[in-house]
Amino acid sequence: MTPHISAKKEDIAKTVLMPGDPLRAKKIAETYLENVKLVNEVRNMFMYTGTYKGVEVTIAGSGMGCPSIGIYSYELYNFYDVENIIRIGSAGSYKEEIKVYDVYNVKEAYGDSNYAKLAANIDDKVIKAGTELYSLIENVAKDKNIKTLTGRAHSADVFYRHDDITEFVKENELDVVEMESVALFANAIKAKKQAACLLTISDNLVTKEITTAEERQNNFMQMVEIALEVAVK
Ligand code: HPA
């Protein structure tokens, strides 16, 4: 038990998939896992453990933003002996050619905040995903014939910004925007564990193209299937 997770240590698998939304964790667990058990409901941050192709996997909500995923991933790595965390989330696209429903494997994340400095004493603004997990995702996606795009994500702190960030995006070579990966990557580096982040593009900030909730649900599952396959490798 930790301050934020009531699961027993043995009820959390070595690999954890983390959607932001705890209800999405429920949906994924119910759709794909066998022998599913609800292992955490503190703050309604549902976590489920079950088996996929006979291998134990945990699906856990992370909440939104670096502080939230920072807490859960820290506790999973350091108190539950988790080895791999794959965030599975959504992102906005900063580029016309990165379209809604594209699947994006984050190679590195640019952080707005000083989370990486405070949590892991890392001075860099750009933090890399775990290379093993990142490469495994690329290989599994290729095997499944699912195209992935890859590069640098903006791990933003502010969803509703006051300013135009076109220049900032160009200068820092940012492809897409989400709000969690830099904290996850920094915690993984500090704990000497693996982290990756797979994203489905939910909106394009250039073309203003958006997705419907129903379409999002279907397309999100491609990314989930890649992550589950990686979990059992
Ligand atoms: N900003 C931040 N995070 C996001 C967005 C966005 O536009 N879309 C999906 N996740």
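Before reading further, recall that the structure is shown in the block above.
Fair warning: this is a prediction, and the values are worked out from it, not measured in the lab.

Draft legend 1. Geometry of the site of the ligand. The full set of residues close to the ligand is Ser90, Ala91, Gly92, Phe159, Val177, Glu178, Met179, Ser202, Asp203 and Leu205. Within the backbone of Gly92, one N or O atom sits 3.3 Å away from a nitrogen atom of the ligand. Between a nitrogen atom of the ligand and a side-chain N or O atom of Asp203, the distance comes to 3.1 Å. Starting from 260 Å² of accessible surface for the ligand in isolation, the protein chains cover 85%. Judged by the proximity of its atoms to the pocket grid, the ligand belongs to the largest pocket. For the shell around the ligand, the secondary-structure elements that each account for two or more residues are β5 (84-93), β9 (176-178) and β10 (194-204).

Draft legend 2. Structural context of the packing of helix α1 (residues 22-32) against helix α7 (residues 213-231). The interhelical angle for the contact between α1 and α7, taken along N-to-C directions, is 65 degrees, at an axis separation of 12 Å. Judged by the inter-axis angle, α1 sits roughly perpendicular to α7. Here α1 and α7 pass one another in a crossing that is right-handed. Note on element contacts: α7 touches α1 through Gln217, Phe220, Met221, Val224, Glu225 and Leu228, opposite Arg24, Lys27, Ile28 and Tyr32. Broken down by class, the residue content of the contact of α1 with α7 amounts to six nonpolar, one polar and three charged.

Draft legend 3. Structural detail: the layout of surface pockets. Here the largest pocket is characterised by a volume of approximately 1100 Å³. Around the largest pocket sit 39 residues that line it, and Ala91, Gly92, Phe159, Val177 and Asp203 are the ones nearest its centre. Elements supplying a minimum of two residues to the lining of the largest pocket: β5, α5 (166-171), β9, β10 and α7. Ranked by the residues each element gives to the lining of the largest pocket, the list is headed by β5, at six residues. Within the lining of the largest pocket, the residues separate by chemical class into 18 nonpolar, nine polar and 12 charged.

Draft legend 4. Layout of the pairing of β5. With nine of 10 residues buried, β5 lies mostly within the body of the structure. One ladder, built from four bridges, connects strand β1 (residues 15-18) with β5; its direction is parallel. Across the sheet, the residue bridging to Leu17 is Ile86, located in β5. Both β5 and β10 contribute to a ladder of 10 bridges, which runs parallel. The partner of Asn84 across the bridge, within β10, is Gln194. Bridge analysis of β5 against β9 gives two bridges, and the strand direction is antiparallel. Bridging across to β9, Ser93 finds its partner in Val176.

Draft legend 5. Looking closely at the environment of Val82. The topology assignment puts Val82 in the loop between α2 (66-79) and β5. For Val82, a relative accessible area of 0% corresponds to the buried category. Excluding residues within four positions of it along the chain, Val82 makes contact with Ile12, Ala13, Lys14, Val16, Leu76, Tyr77 and Lys193.

Draft legend 6. Expanded view of the packing of helix α4 (residues 131-143) against α7. For the pair α4 and α7, interaxial distance at closest approach is 9 Å and the crossing angle is 115 degrees. For α4 against α7, the interelement crossing comes out right-handed. Contact residues: Leu133, Leu136, Ile137, Val140 and Ala141 in α4; Ile226, Glu229 and Val230 in α7. Of the residues contributing to the contact of α4 with α7, the split by class is seven nonpolar, no polar and one charged.

Calculation rules
- Residues numbered from 1 in each chain as written.
- Predicted model: local features only at pLDDT ≥ 70, side-chain atom pairs only at ≥ 80, totals over all residues.
- Heavy atoms only, no water.
- Near = heavy atom within 4 Å.
- Polar contact = N/O pair within 3.5 Å; in protein donor to acceptor, adjacent residues only side chain to side chain.
- Areas by Shrake-Rupley, 256 points an atom, 1.4 Å probe, with all protein chains shown as cover.
- 1 Å grid on protein atoms, 1.4 Å probe; cavity = no way out; pocket = protein on both sides within 12 Å on 5 of 7 lines; lining within 4 Å.
- Sits in = over half its atoms within 2 Å of the grid points.
- Helix = DSSP H or I, 4+ residues; strand = E, 2+ residues; numbered from the N terminus.
- Axes fitted to C-alpha atoms, helices over the stretch in contact; angles between N-to-C directions.
- Parallel < 35°, antiparallel > 145°, perpendicular 65-115°, else oblique.
- Left-handed = near helix turned anticlockwise from the far one by under 90°.
- Contact = heavy atoms within 4.5 Å.
- Nonpolar A, V, L, I, M, F, W, Y, C, P; charged D, E, K, R; others polar.
- Points joined across faces, edges and corners; volume = space filled by probe spheres on them.
- Buried < 20%, exposed > 50% of the residue type's maximum accessible area, 1.4 Å probe, protein only.
- Pairing = 2+ DSSP bridges.

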